[in-house]
Amino acid sequence: MGNFVLPETYHKWVYQDRREMIRGMEQGNVPSPEKFFLGFTRHNPVFISHGSSGLNGSVKGVGFVPKKQFLEEFTQAYLDHIEKGWRDGYSDEGLKVLNETIWAPENEDKIDFSVLGSLELAFKHSWQNYQEKDEVTLLFFEPPAVSFEVRGKIEIHSDGPYQQFINAQHDVYHKPNKDRWPERPAYLVHIEEIYDNGLGENGFGTRIM
């Protein structure tokens, strides 16, 4: 979606500020534990679902994905690193790959900001509900005052290029296990609405997109 634009406040918080932290880490600017874990609230929203498993909330990791025309390019960069296998310095090298692809400032126009990707690892309440209904709300919260609510539709990809990319994006930093990829379906959350739920003047459930 070439014309899709995130609200500036959400875009800065969820992508640009996180990019600054991650790129700084590669340069040796390791944040304090407090800042590090607060920074990762941008990555771990609560996925809210409803269906036969009841009204459910589940914390899952998310990340943006490339536009379709760049998906193969980014995936191959991850695979070039992953297929060398686990070794000393693997995560540091993986961080460098991430900073050359998804977090590179010059690549920002290659990112599809209309979509957030995630993996299903638990196969319990969320999984059952999303089999039945594609409605999803993601609730982000950074204590004490920042919160965003993202509403949209969810797609399940059990195979294909997006499923491979999101698994590779996970394993490019964490210890890789390609044998598990066929067992890890991916979610694509297509963003439809965004609300500022924070404590600021324009917060408290104000729709910003």
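Residues numbered from 1 in each chain as written. Predicted model: local features only at pLDDT ≥ 70, side-chain atom pairs only at ≥ 80, totals over all residues. Heavy atoms only, no water.

Asker: Sorry if this is basic, but what is going on with the side chain of serine 114 here?
Answerer: Tracing the chain through its elements places serine 114 in strand β4 (residues 111-119). Serine 114 gets classed as buried once you look at its relative accessible area, which sits at 3%. Within the local environment of serine 114, its side chain forms a polar contact with the side chain of aspartate 112, the two groups lying 2.6 Å apart. (Helix = DSSP H or I, 4+ residues; strand = E, 2+ residues; numbered from the N terminus. Buried < 20%, exposed > 50% of the residue type's maximum accessible area, 1.4 Å probe, protein only. Polar contact = N/O pair within 3.5 Å; in protein donor to acceptor, adjacent residues only side chain to side chain.)

Asker: Would you mind going over unusual backbone geometry with me for this structure?
Answerer: Negative phi characterises most residues that are not glycine, and trans characterises most peptide bonds. Cis geometry is adopted by the peptide bond preceding proline 144, which originates at proline 143 and carries an omega value of 5°. On the secondary structure map, proline 144 appears in the loop between β5 (135-142) and β6 (146-157). Its identity is not glycine, yet phenylalanine 123 carries a phi of approximately 60°, on the positive side.

Asker: I keep staring at helix α3 (residues 68-82) and nothing clicks. Help me out?
Answerer: Because each turn of an α-helix spans 3.6 residues, side chains separated by three or four positions in sequence point in the same direction. With 15 residues, α3 extends 21 Å from end C-alpha to end C-alpha; this agrees with the ideal 21 Å at 1.5 Å per step. Taken as a whole, α3 has its buried residues at Leu71, Phe74, Thr75, Tyr78, Leu79, His81 and Ile82. Seen from one end, α3 has its buried residues packed into an arc of 155°, which puts them on one side. Looking at α3, the residues exposed on the side facing more than 90 degrees away from the buried face are Gln69 and Glu72. (Expected span 1.5 Å × (residues − 1). Arc of directions from axis to C-beta.)

Asker: Can you help me understand the packing of helix α1 (residues 8-26) against helix α4 (residues 90-100) in this one?
Answerer: The packing of two helices is summarised by the inter-axis angle and the distance between the axes. Relative orientation of the contacting elements α1 and α4 amounts to 135°, with a least axis distance of 10 Å. Taken together, α1 and α4 sit at an angle that is classed as oblique. The two elements α1 and α4 meet at a crossing, and its hand is left-handed. Along its contact with α1, which presents Ile22, Arg23, Met25 and Glu26, the element α4 presents Leu95, Lys96 and Asn99. Considered class by class, the residues forming the contact of α1 with α4 number three nonpolar, one polar and three charged. (Axes fitted to C-alpha atoms, helices over the stretch in contact; angles between N-to-C directions. Parallel < 35°, antiparallel > 145°, perpendicular 65-115°, else oblique. Left-handed = near helix turned anticlockwise from the far one by under 90°. Contact = heavy atoms within 4.5 Å. Nonpolar A, V, L, I, M, F, W, Y, C, P; charged D, E, K, R; others polar.)

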